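Read off the chains here:
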Amino acid sequence: MDSLCPVNFEEEMSFWGLKLKDTPRCCRILFEEKVDDIRDQLKVNQELIDEIKPHQDDEGYKKMFLGTFRKALWDLMENPYSSLSAKTFAVFSSLFVLISIVAMTLNTVKELRQYKFGGKTYMEWIEVASILFFTLEYFLRLLTTSDIKHFVKSALNFVDIVAVMPYFIQIIFETFFIDSEDISAQEDLKTMARVSKVSKVLKVVKLMRIFRILKLARHSTGMRAFGFTIRQCSEQVCCLFLFIAMGIFTFSALMHSVEMDQPGTPFSSIPDAWWWAAVSISTVGYGDVVPISYLGRCVAFSCISFGIILNGMPISILFNKFSDYYAKLKEQEYNVSNTERTFQLKKRLRRKFDSCFEPPEDSDDEIHYRPSGRQYYDDQDE
């Protein structure tokens, strides 16, 4: 039955000594589908818990040098639900990310590049301070983790490396490649060409700094839910790109076939039609390349219709998955934060309880000179 749990059904079957193969085929298929759904849900729930709750090995810290101190630092930087100071550090780190991105953006404005200090603009100094903070944060995490292998394999920690690496690569290029060759660059054309190539590589490295915004995923539930949705729906996303590629090749070949004999046609070859097909399937429609003949316009209409249907199919699936995972992530965050608060509250109550019910410590003088009741009455009789 639909209302029956597959686990309970399996236990009932084993209690009566029955086997699953004795059931009708339709019931067996339904049972296997329900079991697979439950396993998928449990797997997703466990992965959602791992997304929120940071990996830590309490037993491993006990065996490490300065384990208590390193665990406290790890909770401060990695577990924002452990204490108020950890939550403050998470907000401070997020503000540093936003400030560095704003500084990198404003550094491209010509009016602001006129104000310099020490050979660098003010925005560049802000970027340098942000990079130093991110580098210190990464190495502190690396030194305080209890499992280095898990730390290195983490996607968020890889994002931290990508965020700071372009700056140091830029310094290396500017120091060892460009500055050392600037002296003879005016006399040697080959050296100038080599410096030009290095400059192009340096531009690409500078462009990689924009990936710094991905650091917000560490403290943003929405970005985590989006990344988790893409990972869980990777098969659907790959199928979508496969269908898009098939549509591009198919409609570009059709457009070239019907337009190749037209004078002044922009579709002189199938590769020339790829851009038009990609723009049409994505329903962007720049209009920079258009068909000339009526038959070509019919092909274009078919391509656009195919793109509308193709783009509309996975939207509902991805949106439903995203909303579901986002709600579950928020629920896990709420549960983890409540658990941490309850744990901290119990510790404080335990300390207060122990302090209230501790027996008062009497001084040695009071114990030595306090007469007992019997001795007091004997002295009065005397």
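Residues numbered from 1 in each chain as written. Predicted model: local features only at pLDDT ≥ 70, side-chain atom pairs only at ≥ 80, totals over all residues. Heavy atoms only, no water.

**Quick look at the overall build of the protein**
Per the secondary structure count, the protein includes 15 helices and two strands. Long-range pairs, those at least 24 residues apart, make up 66% of the contacts in the protein between residues at least 6 apart in sequence. Total accessible area computed for the protein in this model is approximately 26,600 Å², and 64% of it derives from carbon and sulfur atoms. (Helix = DSSP H or I, 4+ residues; strand = E, 2+ residues; numbered from the N terminus. Contact = heavy atoms within 4.5 Å. Areas by Shrake-Rupley, 256 points an atom, 1.4 Å probe, with all protein chains shown as cover.)

**Observations regarding the state of the cysteines**
Applying the stated criterion to the full structure yields zero disulfides. Of all cysteine sulfurs, the one in cysteine 239 lies closest to cysteine 238, which takes part in no disulfide; the gap is 7.2 Å. Exposure remark for cysteine 238: the relative accessible area of 53% places this residue in the exposed category. (Disulfide = S-S within 2.5 Å. Buried < 20%, exposed > 50% of the residue type's maximum accessible area, 1.4 Å probe, protein only.)

**Topic: the pattern of salt bridges**
Under the counting rule described, the total for this entry stands at two salt bridges. The partner of glutamate 137 in a salt bridge is arginine 141, with the nearest N and O atoms 2.8 Å apart. Placement of the pair is glutamate 137 and arginine 141 together in helix α6 (residues 122-144), with a separation of four residues, close to one helical turn. In this structure, aspartate 160 and arginine 141 form a salt bridge, with 3.9 Å as the shortest nitrogen-oxygen distance. Residue aspartate 160 is located in helix α8 (residues 155-181), and its partner arginine 141 is located in helix α6; the two are separated by 19 residues in the primary sequence. In this structure, aspartate 160 and arginine 141 share a single accessibility class: buried. (Salt bridge = Lys/Arg side-chain N within 4 Å of Asp/Glu carboxyl O.)

**Observations concerning helix α4 (residues 67-78)**
Across its twelve residues, α4 extends 16 Å between first and last C-alpha, which sits within 8% of the 16 Å expected from 1.5 Å per residue. Buried within α4 are the following residues: Gly67, Trp74, Asp75, Met77 and Glu78. (Expected span 1.5 Å × (residues − 1).)

**With respect to the packing of aromatic side chains**
For the structure on display, the rule yields 15 aromatic pairs. Look at phenylalanine 9 and phenylalanine 31: their rings are 5.5 Å apart centre to centre, the planes differ by 55°, and that puts the pair in the tilted class. In this pair, phenylalanine 9 is assigned in helix α1 (residues 6-15) and phenylalanine 31 in helix α2 (residues 25-52), connecting sequence segments 22 residues apart. The interplanar angle of 15° and the centroid separation of 4.3 Å between the aromatic rings of phenylalanine 96 and phenylalanine 133 together place this pair among those described as stacked. Of the two residues, phenylalanine 96 sits in helix α5 (residues 84-106) while phenylalanine 133 sits in helix α6, which places them 37 residues apart along the sequence. Neither phenylalanine 96 nor phenylalanine 133 differs from the other in exposure class; each is buried. The structure contains a cluster of three or more aromatic residues connected by ring pairs, namely Phe89, Phe92, Phe96, Phe133 and Phe134. One Lys or Arg, lysine 120, reaches over the ring of tryptophan 125 and ends 5.5 Å from the middle of that ring. The lysine or arginine in question, arginine 297, covers the ring of tyrosine 294, its NZ or CZ lying 5.3 Å from the ring centre. (Phe/Tyr/Trp six-rings, centres within 6.5 Å; stacked < 30°, edge-to-face > 60°. Lys NZ or Arg CZ within 6 Å of the ring centre and 35° of its normal.)

**Looking at a negative patch on the surface**
The grouping of Glu32, Glu33, Asp36, Asp37 and Asp40 at the surface amounts to a negative patch. Inspection of the secondary structure assignment puts aspartate 37 in helix α2. According to the relative accessible area criterion, aspartate 37 is partly exposed, its value standing at 44%. (Patch = residues over 30% accessible without salt bridge, like charges linked within 9 Å, V, L, I, M, F, W, Y side chains within 5 Å. Lys, Arg positive; Asp, Glu negative; His and termini not counted. Charge placed at Lys NZ, Arg CZ, Asp CG, Glu CD.)

**Some details on the packing of α5 against α6**
Closest axis-to-axis distance for the α5/α6 pair is 9 Å, and the angle between their directions is 145°. In the packing of α5 onto α6, the handedness of the crossing is left-handed. Taking contact as the criterion, the partners of Phe89, Phe92, Ser93, Phe96, Val97, Ile99, Ser100, Ala103, Met104 and Leu106 in α5 are, on α6, Met123, Ile126, Glu127, Ala129, Ser130, Phe133, Phe134 and Glu137. (Axes fitted to C-alpha atoms, helices over the stretch in contact; angles between N-to-C directions. Left-handed = near helix turned anticlockwise from the far one by under 90°.)

**Digging into the nonpolar core**
Within soluble globular proteins, side chains that are nonpolar generally end up buried alongside one another. The biggest cluster of nonpolar side chains holds 14 residues, and the ones touching the most others in it are Phe251, Met255, Phe267, Trp276, Ile281 and Cys303. Mapped by element, the contributors of at least two residues to this core are α11 (234-259), α12 (270-281) and α13 (294-356). Counting residues in hydrophobic clusters, the runner-up holds twelve residues, among them Phe96, Val128, Phe134 and Leu216. (Core = buried A, V, L, I, M, F, W, Y, C linked by side-chain atoms within 4.5 Å.)

Don't take any of this as a statement about function, it's just geometry.
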